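What the coordinates show
Residue strings, one per chain:
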Amino acid sequence: MEKEGHILIQVEHLVKRYGAHTAVDDLSFTVEKGQIYGFLGPNGAGKSTTMNIMTGYIAASSGTVVINGNDILKEPVNAKKCIGYLPEIPPLYPDMTVWEYLLFAAELKKVPGKQRIEHVEEIVQKLQLSDVEERLIKNISKGYKQRVGLAQALIGYPEILILDEPMVGLDPKQIIEMRDLIKGLAKEHTIILSSHILSEVSAVCDHIIIISGGKLAASGSPEELQEMMQTKAELELVVLGTREQADEILQQINEIESYEINNAEEADCVKIRLDVSGDKDIRKEISVALSGAGLPIMSMNRMEKSLEDIFLKLTDESETEENAGSIETEESVQTDVSDDIEENEMNEQEESDDDGNL
Ligand code: ATP
């Protein structure tokens, strides 16, 4: 049996151009067996395009994708066998029942006739779809529709599941259910999911690949990303004294890379923000120097960078005009959630929309 650490997907120098626009720009990364990968980036970063290339839906302009040793262009049948794909808009047939649709998907995925019913039954159980299996897809809620989309990706039990924005449009309860389902599936499948919402990705993923403007901005575990950005320690101090006095002392401390002195709220105090080069802890040196010069330190705090700061910084650096303002942090997600609840309430009143995309 293969061990964890085995490379399942190798993406190398992937480029996708739409006319003059480069949607994916020299993207390379690897996916190892047994982990949940989060593909994170603002709207228009190139997540769907990359996923569509990885699953063989569209061809790249250049670069290669190798799935479990099979080049997606040269050996598409073998490569696709390893993948279950939930596209951004799930390919559902609104006029089929959930059961009919999944049986049809099993036929398309060439699950042998004799095993089909048993296989679909097992997936219906696994994804808790029994309650709606006889209902027409057009009459089930958004949360169930997304679960049916996930069920069709799971048919044939592919080793890899690629899920494009699986939580989009779900209400908070459905998001939690979907998150738990994904975590459960991760015991048997390697999962890559995309999202433009940081909190979603950090809640489920072991490894985060951040892309922005079609380029790789960073890749690592949430902890590694945090560490990577923590190369400069930032300190914030409130000191009793004048700007000139503080300035004179700080200039003499070599490890300080840069600093800024402003008025503090407290009377006769200044507020100092400083960057320390490297990861050396120089709080003691600063403390001795300032108090030795008769400038008592009223407070000193080490500023930790949150994952949110990192995401904003990384995507900001390669942000394009088109992407501006489309990054969602937890605060802005709250606004969306209320829209989703409204949408879900509508769904529950037996909607009849046109979800069919095939
Ligand atoms: P979103 O979350 O909004 O789907 P994304 O990160 O998945 O964003 P993509 O859908 O991959 O981004 O799009 C990347 C860029 O390529 C965008 O600028 C988009 O407008 C452009 N693009 C995508 N598909 C096409 C197409 N078929 N023709 C032209 N441009 C396209």
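The rules behind these values
Residues numbered from 1 in each chain as written. Predicted model: local features only at pLDDT ≥ 70, side-chain atom pairs only at ≥ 80, totals over all residues. Heavy atoms only, no water. Core = buried A, V, L, I, M, F, W, Y, C linked by side-chain atoms within 4.5 Å. Buried < 20%, exposed > 50% of the residue type's maximum accessible area, 1.4 Å probe, protein only. Helix = DSSP H or I, 4+ residues; strand = E, 2+ residues; numbered from the N terminus. Contact = heavy atoms within 4.5 Å. Near = heavy atom within 4 Å. Polar contact = N/O pair within 3.5 Å; in protein donor to acceptor, adjacent residues only side chain to side chain. Areas by Shrake-Rupley, 256 points an atom, 1.4 Å probe, with all protein chains shown as cover. Nonpolar A, V, L, I, M, F, W, Y, C, P; charged D, E, K, R; others polar. Arc of directions from axis to C-beta. Pairing = 2+ DSSP bridges. Axes fitted to C-alpha atoms, helices over the stretch in contact; angles between N-to-C directions. 1 Å grid on protein atoms, 1.4 Å probe; cavity = no way out; pocket = protein on both sides within 12 Å on 5 of 7 lines; lining within 4 Å. Points joined across faces, edges and corners; volume = space filled by probe spheres on them.

What to know about the nonpolar core
Leu-102 and Val-148 are the most contacted members of the largest nonpolar core, which totals 48 residues. Among the elements that line this core, the one with the most residues is helix 3 (residues 98–108), at six residues. If we skip the residues at most four places from it in the chain, Val-148 touches Leu-92, Val-98, Tyr-101, Leu-102, Leu-129, Ile-137 and Ile-140. Counting 26 residues, the second largest nonpolar core, distinct from the first, contains Ile-9, Val-24, Ala-45 and Met-51.

Thoughts on the site of the ligand
Neighbouring residues of the ligand: 14 residues in total, closest Gly-44, Gly-46, Lys-47, Ser-48 and Thr-49. Here His-21 contributes a side-chain N or O atom positioned 3.1 Å from an oxygen atom of the ligand. Within the side chain of Thr-49, one N or O atom sits 2.5 Å away from an oxygen atom of the ligand. In isolation the ligand exposes 630 Å². Once the protein is present, 66% of that is buried. Residue assignment for the shell around the ligand shows that the elements contributing at least two residues are strand 2 (21–32) and helix 1 (47–54). With three residues, the single largest contributor to the shell around the ligand is helix 1. Looking at the shell around the ligand, its residues break down into four nonpolar, six polar and four charged.

With respect to helix 3
Within an α-helix, residues lying three or four positions from one another point in the same direction, as the helix has 3.6 residues per turn. When helix 3 is considered as a whole, its buried residues turn out to be Val-98, Trp-99, Tyr-101, Leu-102, Ala-105 and Ala-106. Mapping the buried residues of helix 3 onto a view down its axis gives an arc of 165°, with all of them on the same face. Buried positions along helix 3 lie against helix 4 (113–126) and helix 5 (142–154).

Some thoughts on the sheet that holds strand 6 (residues 83–86)
Two strands in a sheet stick together by hydrogen bonds in their backbones, pointing the same way (parallel) or opposite ways (antiparallel). In spatial order, the strands read 6-7-8-3-9-10; together these six strands make up an open sheet with mixed pairing. On the outer flanks of this sheet lie strand 6 and strand 10 (215–220), each paired with one strand and no other. Direction aside, the axes of adjacent strands within the sheet are offset by 15° on average. Bridge analysis of strand 6 against strand 7 (residues 160–164) gives four bridges, and the strand direction is parallel. Bridge pairing in strand 7 links Tyr-85 to Ile-162. Set on the sheet, helix 5 makes contact with strand 6 and strand 7; between it and strand 6 the angle comes to about 160°.

Re empty space enclosed by the protein
For the structure shown, the criterion picks out two cavities of 30 Å³ or more. As a volume, the largest cavity reaches approximately 50 Å³. What lines the largest cavity is Gly-143, Arg-147, Leu-170, Gln-174, Glu-177, Met-178 and Leu-181. Looking at which element gives the most residues to the lining of the largest cavity, the answer is helix 6 (residues 172–185), with four residues. Here the lining of the largest cavity is composed, by residue class, of three nonpolar, two polar and two charged.

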